[in-house]
Amino acid sequence: MRKFLPKFAYLLATSAGAGLSPLWPGTGGAAVGVVLAAILIPASPWLVVVAYMAVFTVGVWASSHVVSRTGTEDPQIVVIDETFGTAATLSMLPLDPVWWAAGFLAFRFFDVVKPWPIRVMHDKVRGGLGIMLDDAAAAVFAGASLLLLNDLIQRLS
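What counts as what
- Residues numbered from 1 in each chain as written.
- Predicted model: local features only at pLDDT ≥ 70, side-chain atom pairs only at ≥ 80, totals over all residues.
- Heavy atoms only, no water.
- Helix = DSSP H or I, 4+ residues; strand = E, 2+ residues; numbered from the N terminus.
- Rg over C-alpha atoms; globule rule 2.2 N^0.38 Å.
- Lys, Arg positive; Asp, Glu negative; His and termini not counted.
- Charge placed at Lys NZ, Arg CZ, Asp CG, Glu CD.
- Axes fitted to C-alpha atoms, helices over the stretch in contact; angles between N-to-C directions.
- Parallel < 35°, antiparallel > 145°, perpendicular 65-115°, else oblique.
- Left-handed = near helix turned anticlockwise from the far one by under 90°.
- Contact = heavy atoms within 4.5 Å.
- Nonpolar A, V, L, I, M, F, W, Y, C, P; charged D, E, K, R; others polar.
- Expected span 1.5 Å × (residues − 1).
- Buried < 20%, exposed > 50% of the residue type's maximum accessible area, 1.4 Å probe, protein only.
- Phe/Tyr/Trp six-rings, centres within 6.5 Å; stacked < 30°, edge-to-face > 60°.

1. Points about the overall build of the protein
Within the protein one finds seven helices and zero strands. Helices (α) and strands (β) of the protein occur, in sequence order from the N terminus, as α-α-α-α-α-α-α. Here the protein has a C-alpha radius of gyration of 16 Å; the compact-globule value for 157 residues is 15 Å, and the two agree. Between the centroid of the 10 positive side chains of the protein and the centroid of its 10 negative side chains there is a distance of 11 Å.

2. Quick notes on the packing of helix α2 (residues 25–39) against helix α5 (residues 97–113)
Closest axis-to-axis distance for the α2/α5 pair is 11 Å, and the angle between their directions is 140°. With respect to α5, the element α2 is oriented oblique. Crossing of α2 against α5: the hand is right-handed. Contacts between α2 and α5 involve Gly26, Thr27, Ala30, Ala31, Val34, Ala37 and Ala38 on the former and, on the latter, Trp100, Phe104 and Arg108. Split by residue class, the contact of α2 with α5 holds seven nonpolar, two polar and one charged.

3. Examining helix α3 (residues 45–70)
Compared with the 38 Å implied by 1.5 Å per residue over 26 residues, the 37 Å span of α3 between its first and last C-alpha is a close match. Along α3, the positions that sit buried rather than exposed are Val48, Ala51, Tyr52, Val55, Phe56, Gly59, Ala62, Ser63, His65, Val66 and Val67. Positive phi appears at Gly71, one or two residues downstream of α3, with a value of about 75°.

4. What to know about the side chain of Ser15
Along the chain, Ser15 falls in the loop between α1 (4–13) and α2. Residues within four places of Ser15 in sequence aside, it is in contact with Val32, Val79, Ile80 and Thr83.

5. Quick notes on the packing of aromatic side chains
Applying the stated criterion across every chain, the model contains six aromatic pairs. Considering the side-chain rings of Phe4 and Phe8, the 5.4 Å spacing of their centres and the 15° angle between planes classify their relative orientation as stacked. Of this pair, Phe4 and Phe8 both sit in helix α1, four residues apart, which is roughly one turn of the helix. Judged by its relative accessible area of 47%, Phe4 is partly exposed. Residue Phe8 is classed as partly exposed on the basis of its relative accessible area, which comes to 32%. Clustering of aromatic rings is evident, with ring pairs tying together Phe4, Phe8 and Trp61.

Next comes the structure, spelled out in structure tokens:
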């Protein structure tokens, strides 16, 4: 069990290896988030909330483990935060390929640019919680922005 947990933490933190990609590992982790959101489509809203709470909690644990093992505050291989953030963003949006593509891009924008207050969370909250929390905030910003856009489009139609 002692040898299994570190490997399991790395497997989770890298979103089943997506974080090991030599090109754009964060985008790879975000792509895994699309798959997670798609899997949760038929689930009840309560199950979706519980699933995301579990992914967030496991993400904090796995990210913290990798941070402590590597001595790096936000290791590039840790992408469970992008997986969580993308899936959470997409779950807020209409089930439509155009909206999901917009959600993917909006989440990546807020995740990379990190406007205030996302930047504050990224800079001030350390460890696994910080890794996951700034992406949760990016998901809220991306989802809220696109929901407002959707509302505006509906009103203008």
